[in-house]
Amino acid sequence: MSAPVESLTPAEARQMFRDGLSVPTSGWCTGMTQANLIAVPKRYAYDFLLFAQRNPQSCPVIDVSDPGSPRTSLAPGADLRTDIPGYRIIADGVVVEERSEVTEQWTDDMVAFLIGCSFTFEHALVDAGVPVRHLTAGRNVPMYRTNVASRAAGVMHGPIVVSMRAIPARQVATAVQVTSRYPTMHGAPLHIGDPASLGIADLDSPDYGDAPLIEDGDVPVFWGCGVTPQAIAVAAGLPFAIAHAPGKMMITDVADTFWAV
């Protein structure tokens, strides 16, 4: 890569992903909004939209495509089938494949939902002096399925998924203040402290992403995660869905400040 990933434009990043680069996108294109993807057949789209409305911290919807369209108003000219650095295919409630593009799998009745991503607020944490350990180490954020049930809608049901960042105890309040300014990017934490309260038995064994980096004096802090829709598609046994690979996001052309409150 000829330029640091944090200084790339979204269009430059998307071209690299279209050309086959598959990497987690934490730290890419500083100051720009990142988004999770879930695309479902039209007959399930209302159920998912209602599910997202009922579970806004985990599934804050920031755009919805027309049926069959792989386009988003958040990145004009981008292609949701090719411009994300990794995809998952879900069939009959099972993740059956990971791919670098999904052009052939994308049918004319697919409705795509873009969900706000906590990667968007990470540079604001760094600017506030809060360490983001996976970012510094060049690793993927750890993500966990919890024992917390989502609020069901139609056929959609299943567990809430969370991402975790280990925050020095003295800076937890700052992390809460910073992230609460981004409600459409999951906002304030869902839980602070004991992972067992969420049914997480071992922080070193995340369900998605990389094992966390935790230093003495750190507190585990958990945010809603846009991988929740994938867990829901699996739990609901959806016959077909397309999602981003965890940690590999759609980078949009929208500045993160657009969502800040």
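Engineer: I tried to follow the environment of serine 7 on my own but got confused; where do I start?
Structural biologist: Along the polypeptide, serine 7 turns up in the segment before helix H1 (10–18). When the C-alpha positions of serine 7 and valine 111 are compared, they lie 31 Å apart, and in sequence the two are 104 residues distant. A polar side-chain atom of serine 7 sits 2.9 Å from the main-chain carbonyl oxygen of proline 4.

Engineer: What is the right way to look at the pattern of salt bridges in this model?
Structural biologist: Opposite charge on two side chains permits pairing when their charged atoms draw close. Summed over the entire model, instances satisfying the criterion amount to 10 salt bridges. Arginine 133 is the partner of aspartate 218 in a salt bridge, and the nearest nitrogen-oxygen pair spans 2.8 Å. In this pair, aspartate 218 is assigned in strand E9 (residues 218–224) and arginine 133 in helix H4 (residues 133–137), connecting sequence segments 85 residues apart. Looking at aspartate 218, the relative accessible area reads 13%, which means it is buried. Connected via shared salt-bridge partners are Glu97, Arg99 and Glu101.

Engineer: Looking at this model, I keep getting lost on the sheet that holds strand E8 (residues 191–192). Mind explaining?
Structural biologist: Within a sheet, neighbouring strands are paired by backbone hydrogen bonds and run either parallel or antiparallel to one another. Taken in spatial order, the 4 strands make up an open sheet running E6-E7-E9-E8, and their pairing is antiparallel. Of all the strands in the sheet, the pair left with one neighbour each is strand E6 (143–149) and E8. One ladder, built from 7 bridges, connects strand E7 (residues 159–168) with E9; its direction is antiparallel. Its bridge partner lying in E9, alanine 166 is registered against proline 220. Of the strands in this sheet, E7, E8 and E9 are in contact with helix H5 (residues 172–179), which crosses E9 at around 15°. Each of E6 and E7 touches helix H6 (residues 228–235); the most contacted strand, E7, lies at about 150° to it.

Engineer: Hey, could you run me through the pairing of strand E5 (residues 110–116) in this one?
Structural biologist: On a regular strand, one side chain projects to one face of the sheet and the next to the other, so that they alternate. For E5, the buried fraction is high: 7 of the 7 residues fall into the buried class. Of the two faces of E5, the one holding Met110, Ala112, Leu114 and Gly116 and the one holding Val111, Phe113 and Ile115 are both buried throughout. Examined bridge by bridge, strand E1 (residues 32–41) and E5 share 7 bridges and lie antiparallel to one another. Residue pairing for E5: leucine 37 is matched across the bridge by leucine 114. Summarising the sheet, strand E2 (residues 61–64) and E5 pair through 3 bridges and their orientation is antiparallel. Each residue of the ladder has a partner; that of aspartate 63, found in E5, is leucine 114.

Engineer: Help me understand H6 in this model?
Structural biologist: Side chains three or four residues apart in an α-helix point the same way, a direct result of the helix having 3.6 residues per turn. Summarising burial for H6: 6 of the 8 residues are buried, a large majority. Positive backbone phi, approximately 65°, marks glycine 237, located one or two places after H6.

Engineer: What exactly am I supposed to notice about the side chain of asparagine 140 here?
Structural biologist: Mapped onto the fold, asparagine 140 is located in the loop between H4 and E6. Overall, the relative accessible area of 7% leaves asparagine 140 in the buried class. A distance of 3.2 Å separates the side chain of asparagine 140 from the backbone oxygen of proline 246, its partner in a polar contact. Not counting chain neighbours up to four residues away, the residues in contact with asparagine 140 comprise Pro24, Phe119, His134, Gly209, Asp210, Pro246 and Gly247.

Engineer: Looking at this structure, how should I read H1?
Structural biologist: Burial in H1 covers these residues: Pro10, Ala13, Arg14 and Phe17. For H1, the angular spread of buried residues about the axis comes to 95°, placing them on one side. Those residues of H1 hidden inside the fold are in contact with E1 and strand E11 (250–255). Glycine 20 sits one or two residues past H1 and shows a positive phi near 115°.

Engineer: Help me understand the packing of aromatic side chains in this model?
Structural biologist: One pair of aromatic rings is described through two measures. These are the centre distance and the angle between the planes. Evaluation of the coordinates by the stated rule reveals 7 aromatic pairs. Seen in terms of ring centroids, phenylalanine 121 and tryptophan 223 are 5.8 Å apart; in terms of plane orientation they differ by 50°. Their pairing is tilted. Of this pair, phenylalanine 121 sits in the loop between E5 and helix H3 (122–127) while tryptophan 223 sits in strand E9, and the two are 102 residues apart along the sequence. Clustering of aromatic rings is evident, with ring pairs tying together Phe48, Phe51 and Phe113. In this arrangement the basic side chain of arginine 165 is found over the ring face of tryptophan 223, its NZ or CZ atom lying 5.3 Å from the centre.

Engineer: Quick question: what am I supposed to make of the nonpolar core here?
Structural biologist: Within soluble globular proteins, side chains that are nonpolar generally end up buried alongside one another. Core analysis: the biggest nonpolar cluster contains 34 residues, and Trp106 and Ile242 have the highest contact counts within it. Setting aside residues no more than four positions away along its own chain, tryptophan 106 makes contact with Ala39, Gly68, Ser69, Pro70, Leu80, Arg81, Ala112 and Ile242. Core analysis: the second largest hydrophobic core is formed by 19 residues, Cys59, Ile90, Ile232 and Leu238 among them.

Rules and cut-offs
- Residues numbered from 1 in each chain as written.
- Predicted model: local features only at pLDDT ≥ 70, side-chain atom pairs only at ≥ 80, totals over all residues.
- Heavy atoms only, no water.
- Helix = DSSP H or I, 4+ residues; strand = E, 2+ residues; numbered from the N terminus.
- Polar contact = N/O pair within 3.5 Å; in protein donor to acceptor, adjacent residues only side chain to side chain.
- Salt bridge = Lys/Arg side-chain N within 4 Å of Asp/Glu carboxyl O.
- Buried < 20%, exposed > 50% of the residue type's maximum accessible area, 1.4 Å probe, protein only.
- Pairing = 2+ DSSP bridges.
- Contact = heavy atoms within 4.5 Å.
- Axes fitted to C-alpha atoms, helices over the stretch in contact; angles between N-to-C directions.
- Arc of directions from axis to C-beta.
- Phe/Tyr/Trp six-rings, centres within 6.5 Å; stacked < 30°, edge-to-face > 60°.
- Lys NZ or Arg CZ within 6 Å of the ring centre and 35° of its normal.
- Core = buried A, V, L, I, M, F, W, Y, C linked by side-chain atoms within 4.5 Å.

Geometric descriptors of this kind do not, in isolation, establish any biological role.
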